[in-house]
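Descriptive structure summary
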Amino acid sequence: MQAEGALRKIIHIDMDAFYASVEQRDDPSLRGKPLAVGGSRERGVVMAASYEARPFGVRSAMPAATARRLCPDLVFVKPRFDAYRQVSEEIRAVFARHTDLIEPVALDEAYLDVTENFLGLPTATAVAKAIRAEILERTGLVASAGVSYNKFLAKVASDHRKPDALFVITPAMGPDFVAELPIGRFHGVGPVTEAKMKRLGIETGADLRAWSLDRLKDTFGSSGSYYYAVARGIDERPVRAHRIRKSIGAETTFSDDTAAYDLLAERLAPMVDKVWRSAEAKAMRGRTVTLKLKFSDFSLVTRAKSLPAPVPDRDSLERIGLDLLRGLLPLRRSARLIGVSLSGFEQEAPDGPEQLGLGL
Ligand SMILES: [Mg+2]
């Protein structure tokens, strides 16, 4: 447990009915109507439902045909991911005015650690208010915010009074709040686990808290210790500002397709350079080399080799890549793309520009 003075201030921001709200913003004729983004009337699934559609029971991930049956007047629109990505960039720019500890979890959702915040606002609640106002001003869209002292509770809080809400769970409230929470509302408890917990008599956080750590581990495996902690309002997971990279790769598409080894080797070399430079810059040492070829008919082949120790230098990376390439000869079709990647890293390294200076 953290000392009291080290309490973190975490915000979870989640846009309300995101895709549907963007559609209603951009097409006034859709406003006030039950709306589903995704599928068509007969096929596909609902990707997002407007708040007007929800009283009918329309939910995301529901088959479009079911949604149509529940709500005959439901209007379907096709998703426009470019528009959603653009809004996503705008809200991330708002976050970046307040902190650089931002962990995006979806286009419309992120955790922020604002224990230290750039504007020096005294409370996380003040930061969350400012962010909601700035998002509304810049995008015309509404975000809900949850404020608490860890990610689990911040997420629960943002969901608690949705839509258009700001909800705070203080350290004094945390344990009681969790005790009363239905088990299905726990982030990290999916429908299958929820059903299993209910069969075992676990309906609420209080029921979950009655279980010992050993029993939870025996029953739920590696998730047992997570359930044990969050049942007590404890969640030490940090806000991770950068995605963990699993591989570093580079590839090139040719202007003229070829099946000739010499030409392919020549085109591989600059890709090897790129990958090696990037790995060195990030101080990442990987054991697995993967070669990728795409053919003129767009079929794809990959070959990989793992060493007992990390690839020691650029030339070894190239040699292994060429070995893998020779293993594919003779090619029956011309290739249109060649790529190489390095993975199987010794340690997971963060994907961030501030790591470039590592080791200097
Ligand atoms: Mg959302």
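Just so we're clear, the structure is a prediction, and the values are computed from it rather than from any experiment.

1. Digging into a nonpolar patch on the surface
Where nonpolar side chains cluster on the molecular surface, the patch consists of Val45, Met47 and Phe81 and spans about 220 Å² of accessible area. Following the sequence through the fold, Val45 ends up in the loop between β2 (35–38) and β3 (46–49). On the basis of relative accessible area, Val45 is assigned to the partly exposed category, the value being 41%.

2. As for the domain arrangement of the protein
Per the domain assignment, the segments making up the protein are domain 1 (18–80), domain 2 (174–230) and domain 3 (247–345). Computed over C-alpha atoms only, the centres of domain 2 and domain 3 are separated by 46 Å.

3. Observations regarding the packing of aromatic side chains
Evaluated as defined, the whole model comprises 11 aromatic pairs. Each ring, one from Phe167 and one from Phe177, has its centre 5.7 Å from the other, and the planes form 45°; the classification is tilted. Residue Phe167 is located in strand β8 (residues 166–168), and its partner Phe177 is located in helix α6 (residues 174–180); the two are separated by 10 residues in the primary sequence. Judged by relative accessible area, which is 16%, Phe177 ranks as buried. The rings of Phe152, Phe186, Trp211, Phe220, Tyr226 and Tyr227 are connected pair by pair, giving a single aromatic cluster. Lys151 extends its terminal NZ or CZ atom over the ring of Tyr111, reaching a point 5.1 Å from the ring centre. Seen from the ring of Tyr228, Arg232 lies directly overhead, with NZ or CZ sitting 3.7 Å from the centre.

4. Things to note about helix α4 (residues 124–139)
Its 16 residues give α4 an end-to-end C-alpha distance of 22 Å, which sits within 8% of 22 Å, the value for a rise of 1.5 Å per residue. Buried within α4 we find Ala124, Val127, Ala128, Ile131, Arg132, Glu134, Ile135 and Thr139. Residues of α4 that are buried in the fold lie against β1 (10–15), α1 (18–26), α3 (81–96), β6 (109–113), β7 (143–148) and β8. Once α4 finishes, Gly140 follows within two positions and takes phi at roughly 75°, a positive value.

5. Some remarks on the sheet that holds β6
Strand pairing in a sheet relies on backbone hydrogen bonds. The paired strands run either parallel or antiparallel. Taken together, 5 strands build an open sheet; the order of strands is β5-β6-β1-β7-β8 and the sheet is mixed. Taken across any chain shown, the strands that pair with only one partner, and hence form the sheet edges, are β5 (102–106) and β8. Taking the axes of each pair of neighbouring strands and ignoring which way they run, one obtains an average angle of 15° across the sheet. Judged from the 3 bridges that link them, β7 and β8 form a sheet pairing that is parallel.

About the thresholds
- Residues numbered from 1 in each chain as written.
- Predicted model: local features only at pLDDT ≥ 70, side-chain atom pairs only at ≥ 80, totals over all residues.
- Heavy atoms only, no water.
- Patch = residues over 30% accessible without salt bridge, like charges linked within 9 Å, V, L, I, M, F, W, Y side chains within 5 Å.
- Areas by Shrake-Rupley, 256 points an atom, 1.4 Å probe, with all protein chains shown as cover.
- Salt bridge = Lys/Arg side-chain N within 4 Å of Asp/Glu carboxyl O.
- Helix = DSSP H or I, 4+ residues; strand = E, 2+ residues; numbered from the N terminus.
- Buried < 20%, exposed > 50% of the residue type's maximum accessible area, 1.4 Å probe, protein only.
- Domains from an automatic or database assignment.
- Phe/Tyr/Trp six-rings, centres within 6.5 Å; stacked < 30°, edge-to-face > 60°.
- Lys NZ or Arg CZ within 6 Å of the ring centre and 35° of its normal.
- Expected span 1.5 Å × (residues − 1).
- Contact = heavy atoms within 4.5 Å.
- Pairing = 2+ DSSP bridges.
- Axes fitted to C-alpha atoms, helices over the stretch in contact; angles between N-to-C directions.

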